[in-house]
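Structural overview
Now for the letters of each chain:
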Amino acid sequence: AECTTREAYRFQLSPEQKHWIKSSSGASPDAKQGYKTPSNQSEDSSDIKDMAILSRRPELAELENHVRTNQWHAVGLQLHLEENDLVAIEREYRGDIASCRRSMFDLWLKTFPEASRKQLFDCLKSKAVAEIHMAEQYRECICRQLSQKPTPSYYQRLEVARQT
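Thresholds applied
- Residues numbered from 1 in each chain as written.
- Predicted model: local features only at pLDDT ≥ 70, side-chain atom pairs only at ≥ 80, totals over all residues.
- Heavy atoms only, no water.
- Salt bridge = Lys/Arg side-chain N within 4 Å of Asp/Glu carboxyl O.
- Helix = DSSP H or I, 4+ residues; strand = E, 2+ residues; numbered from the N terminus.
- Buried < 20%, exposed > 50% of the residue type's maximum accessible area, 1.4 Å probe, protein only.

**A word on the pattern of salt bridges**
- For the structure on display, the rule yields six salt bridges.
- Two residues, E64 and R102, come together in a salt bridge whose shortest N-O distance is 2.8 Å. Remark: R102 occurs in helix α7 (residues 97–111) and E64 occurs in helix α4 (residues 60–66); sequence separation between them is 38 residues.
- Classification of E64 by relative accessible area gives partly exposed; the value is 29%.
- In this structure, K118 and D122 form a salt bridge, with 2.6 Å as the shortest nitrogen-oxygen distance. Here the residue K118 and the residue D122 both occupy positions in helix α8 (residues 117–125), the gap between them amounting to four residues, near one helical turn.
- What makes K118 buried here is its relative accessible area of 8%.
- Each member of the salt-bridge network shares a partner with another, and the members are K125, E136 and R139.

The following block contains the structure:
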């Protein structure tokens, strides 16, 4: 059976992406006003591109360049790293914040293969870390840089979804 546009859209998103749309827009992505059709997709395409970019795994160099928080220990805890590992990092680098932060991000990426920019964005905005300005700058910079690269169109993604 052929998918309708609404069904194809709904099934393209992971639960995390649906939650992000819901929390960003205040409406469920399954609600009529929240779901994207070809006619209203162009006005919301930047939001969808941003969501797709944020759902991807970050590179260590990207994290080093854009996330320069001094609260690396709190960030590590929010990213579900073990306290013992974070203490070992601090001991190894004798409190050098840049080295500790880099090692913490490296450990996060190695420990969690599903690590995403969205997880880090949420972590930075959490009450425990409260680096809201840094989180917004990171999101804006990464989305601006990566949205300049060509991405598959809506119809190309829909065709791939139908083939699978």
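**Focus: the environment of I53**
- Note that I53 resides in helix α3 (residues 38–54).
- Given a relative accessible area of 2%, I53 falls into the buried group.
- As a C-alpha pair, I53 and C143 span 90 residues in sequence and 6.4 Å in three-dimensional space.

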